[in-house]
Amino acid sequence: MSDLTNAAVPFPIAAKAAVQDTQLRKNVRHATEVIQGKRARVVAEMPAWEALREAGKAIREHTMRYLDTYLLQFEENCVRAGGQVHWARNAEEARRIVVKLALEASAGGTAEVIKIKSMTTEEIHLNQSLETAGVRAYETDLAELIIQLGHDQPSHIVVPALHKNRQQIREIFRREMNLPELGESPQDLADAARMFLRKKFLEVQTAISGANFLIAETGGVCIVESEGNGRMCLTLPKTLITIAGIDKVIPRFQDLEVLLQTLPRSATGERMNPYNSIWTGLRNHDGPNTFHVVLLDNGRSDVLADRVGRQTLHCIRCGACQNACPVYRQTGGHAYGSVYAGPIGAILTPQMLKMEGGESLPYASSLCGACYEVCPVKINIPEVLVHLRNRVVEKKQQDTSLLMNPEALAMKTLSAIFQDERRFRAAQRLGRMAEWPLTRKDGNGEHWIGWLPGILGGWTQVRDLRAMPKQSFREWWDKTRGVQASGNDR
Ligand code: SF4
């Protein structure tokens, strides 16, 4: 079972509500514009940017082709270095493993964990499970802290609180940290978070992290971050638990040469992240003395099995496609009803849910291709979107009888008409008769249909349709040549 979605509301309904929130749209537009501008500047500095994208794509393609081999290699090297590896088939198994490890680590003491930003833990709703088991989790990434204290959901994979502005963040901190005099400058807000978290860093003995990359060749884990909170979580606690999707593995240490150039530029518009941490197993008297890695599948193997859809697993979670997407920029992330929003969410979520949820997401796109243009590993998101739309239609056809599915019934009828010329001619005559009461003439003498009844009405809600010509080309041709149209001689 996957816990990927937070809501069962289809995207068009959730989006309608989101676009009416003008403050949200303003916040999202401002934040995505700033990040896009920074990204454009640092990408323009790189004459070999396209070559880097090609190299990133090649690394990810190769990894997915031999994923089983590289995962086993990672496990072997991680264990050899002193780590313990656990495999979780789904969200429920992962939660069970992590909660058990956290309780064991706190035996005899206070059950608390500090957390580094991790979308994988959001994917499995880990915090709620920890809380139910009596383990208090503290988010240490500034944006995740805002989300946690605001009882909110992330709306962006790199900047989870992108939908909040400074005033809104100040209100959350004032209320939750009991700081009535708090100012709203970035410095004020960062200082408040620092004071709030510092004590936790020094006291809490267990940390939970995600991973940007798992290095098969060495058994090492890599995370990149901007604030340094991750480095604190990796060094001070006695127990470290890393949870990562199986798609996070890369074959060699050297692959980071490409990925650590493209990821920060695409994600935050930085040439390099201020903090890049790589750790391999355990070291005496340096860092944690117990280290666990939980490798999570949660539907990823099914994505890998799909010839077109598997490129989704190449994603390195930079969020550039979200910033570039004209749909995301209007709705923000919550309308997608999944922790993975925007174009990557529109292709990842339905696949991980085995097309048993999130079926409206592949339609949450204008197919403009902006996401493909910016993707640092060249995932052809529009291609996957179209492929998933086909899967949605196929599934609908399988699930419902034709009479219950007007779209499928209409397609079947059209197919039968197009297969036979006599039927086609009869349909044309019938169509002209049926449309006649609906047509109107414009100033140029052209005939248009401005309204259609029933389910066809969707077509005319935002456009006029040209009326059928009084005579088809074939009829004109036959008349000109004096040939009686019979339909049997062509
Ligand atoms: S699909 Fe590409 S652009 Fe979007 S988050 Fe993943 S790597 Fe970044």
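Note: the structure precedes this text.
Chains are numbered independently. Their residues run from 1 in the order of the written sequence. Reporting of local features is limited, given that this is a predicted model, to residues whose pLDDT is at least 70; pairs of side-chain atoms are given and counted only at 80 or more, and all residues count toward the totals for whole chains, interfaces and linings. Excluding hydrogens and water, the side-chain values take into account all heavy atoms of the structure.

> Can you tell me about the side chain of K200, naming the residues and giving the values?
Numbered from the N terminus, helices here are DSSP runs of H or I no shorter than four residues, and strands are runs of E no shorter than two. Topologically, K200 is positioned in helix α10 (residues 186–203). Contacts were defined at the residue level, with two residues in contact if any of their heavy atoms lie within 4.5 Å. Apart from the residues within four sequence positions on either side, K200 is in contact with E112, I114 and Y138.

> Tell me what's going on with the sheet that holds strand β13 (residues 465–466), and back it up with residues and numbers.
Spatial ordering of the open sheet is given by β11-β12-β13, a layout of 3 strands whose pairing is antiparallel. Looking at which strands have only one partner, the edges of the open sheet turn out to be β11 (439–441) and β13. Strand pairing requires that DSSP identify at least two bridges connecting the strands.

> Before we move on, could you go through the site of the ligand and cite the residues and values that matter?
The ligand sits among 13 residues. The nearest are C315, C318, G319, C321 and C375. Classification used: nonpolar for Ala, Val, Leu, Ile, Met, Phe, Trp, Tyr, Cys and Pro, charged for Asp, Glu, Lys and Arg, polar for all others including Gly. For the shell around the ligand, the class distribution of residues is 11 nonpolar, 1 polar and 1 charged. By convention in these notes, a residue is near a molecule or strand provided one of its non-hydrogen atoms lies within 4 Å of it.

> Tell me about the pairing of strand β4 (residues 206–209), residues and numbers included.
The alternating pattern of β4 places T206 and I208 on one face and A207 and S209 on the opposite face, and all of these are buried. Sheet topology note: the β4/strand β7 (residues 239–245) ladder contains 4 bridges and is parallel. The residue bridging I208 from the neighbouring strand is I241, located in β7. Exposed residues in this analysis have more than 50% of their type's maximum accessible area, buried residues have under 20%, and partly exposed residues fall in between, with area computed by a 1.4 Å probe over protein chains only.

> Before we move on, can you summarise the packing of aromatic side chains with the specific residues and values?
Two rings belonging to Phe, Tyr or Trp (six-membered ring only in the last case) form a pair when the distance between their centres is within 6.5 Å. Interplanar angles under 30 degrees mark stacking, angles over 60 mark edge-to-face geometry, and anything in between is tilted. Inspection of the entire model under this criterion finds 7 aromatic pairs. Consider the rings of F11 and Y336, whose centres lie 4.8 Å apart with planes at 50°: the pair is tilted. In this pair, F11 sits in helix α1 (residues 11–18) while Y336 sits in the loop between α15 (328–331) and α16 (342–352), placing the two residues 325 residues apart along the sequence. Comparing F11 with Y336, the two get one shared label, buried. Centroid distance W476 to W477: 6.2 Å. Interplanar angle 45°. Geometry classified as tilted. Residue W476 is classed as partly exposed on the basis of its relative accessible area, which comes to 41%.

> Explain the nonpolar core to me, and be specific about the residues and the numbers.
If you look at the biggest cluster of nonpolar residues, it comprises 105 residues, and the most contacted ones within it are F74, F173, F213 and Y336. When residues of this core are assigned to their parent elements, the largest contribution, 6 residues, is made by helix α12 (residues 256–267). Other than its neighbours up to four places away in sequence, F213 contacts G220, V221, C222, K248, I250, L256, L259, L260, L263 and I316. Within the second largest apolar cluster, 20 residues are counted, among which are I97, V113, I208 and I243. In these notes, a set of buried Ala, Val, Leu, Ile, Met, Phe, Trp, Tyr and Cys residues joined through side-chain atoms within 4.5 Å is what counts as a nonpolar core.

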